[in-house]
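# What the coordinates show
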Amino acid sequence: MARPRRPEDLAAQLTETIAPRAKSLIITIYGDAVLPHGGSLWLGSLIDLMGLFGMSERIIRTSVFRLCKDDWLTNTQIGRRSFYRVTDSGKERFAAAERRIYAPLAREWDRGWDLLMVPPNALDAETRDALRRELTWQGFGAASATVYAHPNCDEAAMHRSLAELGVADRIVHMKASLDRAEGFGALRDLVRGCWDIDQLEHDYAAFLDHFRPVWAAVDAADTPDPAACFVLRTLMIHDFRRILLRDPMLPPDLLPADWPGQESRMLTRNLYRRLAGPSEAFLMQAATTANGPLPDAQPAFHGRFGGLESIPAG
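In this report, we go over the structure that sits alongside the text. (Residues numbered from 1 in each chain as written. Predicted model: local features only at pLDDT ≥ 70, side-chain atom pairs only at ≥ 80, totals over all residues. Heavy atoms only, no water.)

### With respect to the sheet that holds strand 3 (residues 81-86)
The criterion, for reference: Pairing between strands is defined by DSSP: at least two bridges between the two strands are required. Under the DSSP-based scheme used, a helix requires at least four consecutive residues in state H or I and a strand at least two consecutive residues in state E, with every element numbered from the N terminus. Note on geometry: axes are C-alpha line fits, over the in-contact stretch for helices, and angles between N-to-C directions span 0 to 180 degrees. By the convention used here, residues are in contact when the closest approach between their heavy atoms is within 4.5 Å.
Strand order in the open sheet made by the three strands is 1-3-2, with antiparallel pairing throughout. Looking at strand neighbours, the two that pair on one side only are strand 1 (40-42) and strand 2 (73-78), the edges of this open sheet. Each adjacent strand pair in this sheet contributes to an overall mean axis angle of 25 degrees, direction not counted. The pairing of strand 2 with strand 3 spans six bridges and is classified as antiparallel. Within strand 3, the position partnered with Ile 78 by the bridge is Arg 81. With respect to the sheet, helix 3 (residues 43-51) is in contact with strand 1 and strand 3, its orientation differing from that of strand 1 by roughly 80 degrees.

So, in C-alpha cells, the structure goes:
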C-alpha cells in the first residue's frame, strides 16, 4: 500500500489545482479564520497569510481595495500600518454563508417551498440579470423566467438581497407545500430543469477527489505542520463554499442515488476537526490586529459542524 503523502506536499499541490482567485480567497480567510477572532487584521499579516498560497503583495493590495469598494472590508490607518476590518454589511453576508457552510450534518425538510415571482416587465434587463445571479448563488432554481424556487432557503439572506437590489417591493414571495399524492416523479423532473444537478454532482465528486488524500495524510501524520494545516483548511473551505452556496440542499428523495453532497459535507466536518487545532495555533502566532495579537476565537467557532472536538493545538 502506498504511503500517504505529507500534508505539506498536498497543500502545495492543491493550491495549484484549485487556483483560487485572490479576492475570493481573502473572503474565505476572513470568513473562516479572521471573523471568529474579531474580524480585523493588519495588512502585513494578510500579505503573509496570502503568501502561503503564492499570492503577490501587489494583487493582495488591489484585492483589498476592491473589497473595500464592495463594502466587505473597511480600512483603518494607524501610523504607517493599515488594518482591515469586516464591515457590518460584510458580517451579514458572512453570517448567511456560515449558517450553510458550518451547519450540522443532520437536516430536515418539511416539504415546504419558497417561491419568488417576478411580475412581467417589472425589472429592467440589468436588474433582472443581477437578481438571477444573486438568487442562483443562494441556491434558488429558475422554474421559469419569472419564478424562482427553493426548498429550504435562508429567508433573512433572501430578503436582504432583494432590499440591496432595490426590488423588494416588486417581487412576490409566496410559500408552497408539496402534495405527495402524485409521488416524486414529476418533481424530480422539475428539479433537473431548475438546477444543474449534473454539474453539482461533478463538482462534489471532484471535491472528494481533492480532499480524501488530505484526510489520509493528516491522519497518518503525528504532528502535521501548522502552516500546512492552515493552507489545507482554507483551501477546503474555499472549495466547499464554492460548491455549497450553489447547492439548494434538496432532500434525498429528489436527488440521484449515491449523491456525493452529503459525503462531501461529512469529509469537510471530519477534516476540519482535525485541522482546527494546529491551524488555529498557526493563525494566533502569525496574525496581528490593531490591538496586538488576535483575540481568542468566539464560542460560536467551536460550535461549527455541530461542535469541534477538543484537539491539541500542536
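### Observations concerning the side chain of His 150
Just so we agree on the cut-off: Under this definition, polar contacts are N or O atom pairs within 3.5 Å; protein pairs additionally need one hydrogen-donor-capable and one acceptor-capable atom, and for neighbouring residues in sequence, both atoms have to be side-chain atoms.
For His 150, the location among the structural elements is in strand 6 (residues 147-150). Side-chain polar atoms of His 150 contact the backbone oxygen of Gln 138, separated by 3.2 Å. Apart from the residues within four sequence positions on either side, His 150 is in contact with Gly 112, Trp 113, Asp 114, Gln 138, Gly 139, Phe 140, Trp 195 and Pro 248.

### Focus: the environment of Ala 168
With respect to the helices and strands, the residue Ala 168 is situated in the loop between helix 7 (155-164) and strand 7 (172-177). Filtering out sequence-adjacent residues up to four positions away, Ala 168 remains in contact with Leu 162 and Ala 163.

### Considerations on the pairing of strand 5 (residues 141-144)
Pairing of strand 5 with strand 6, which is carried by three bridges, proceeds in the antiparallel orientation. Bridging across to strand 6, Ala 142 finds its partner in Tyr 148. Where strand 5 hands over to strand 6, the hairpin turn is made up of two residues, counted between the paired strands.

### Some words on helix 5 (residues 88-101)
The condition that has to hold: For a helix, the expected span equals 1.5 Å multiplied by the residue count minus one. The cut-offs for exposure are 20% and 50% of the maximum accessible area for each residue type, with area from a 1.4 Å probe on protein chains only; residues under the lower value are buried, those over the upper are exposed, and the others partly exposed. Of all possible arcs, the one meant is that of the directions from the helix axis to the C-beta atoms.
Look at helix 5: 20 Å from first C-alpha to last across 14 residues, which is about the 20 Å you get at 1.5 Å a residue. If you check which residues of helix 5 are buried, you get Ser 89, Gly 90, Phe 94, Ala 96, Ala 97, Arg 100 and Ile 101. Axial view of helix 5: buried residues confined to an arc of 155 degrees, hence all on one face. Contact partners of the buried residues in helix 5: helix 2 (22-34), strand 3, helix 6 (125-137), helix 7, helix 10 (226-244) and helix 11 (260-286).

### Quick word on the sheet that holds strand 7
Strand order in the open sheet formed by four strands is 5-6-4-7, with antiparallel pairing between adjacent strands. Only two strands of the sheet have a single neighbouring strand rather than two, namely strand 5 and strand 7. The average angle at which neighbouring strand axes cross in this sheet is 30 degrees, direction not considered. The sheet contact formed by strand 4 (residues 112-117) and strand 7 spans six bridges and is antiparallel.

### Structural notes on the nonpolar core
This is how the line gets drawn: Joining through side-chain atoms within 4.5 Å is the link that ties buried Ala, Val, Leu, Ile, Met, Phe, Trp, Tyr and Cys residues into a set, and such a set is a nonpolar core.
Among the nonpolar cores identified, the biggest contains 81 residues, and Ile 26, Tyr 30, Leu 46, Met 50, Leu 73 and Phe 211 are the most heavily contacted of them. Ranked by the residues each element gives to this core, the list is headed by helix 10, at 12 residues. Dropping the residues within four chain positions of it, Leu 46 is found in contact with Ile 26, Tyr 30, Leu 41, Ile 60 and Val 64. Of all hydrophobic cores here, the second largest spans 12 residues; its members include Val 118, Tyr 148, Met 158 and Leu 162.

In short, geometric facts, not functional conclusions.
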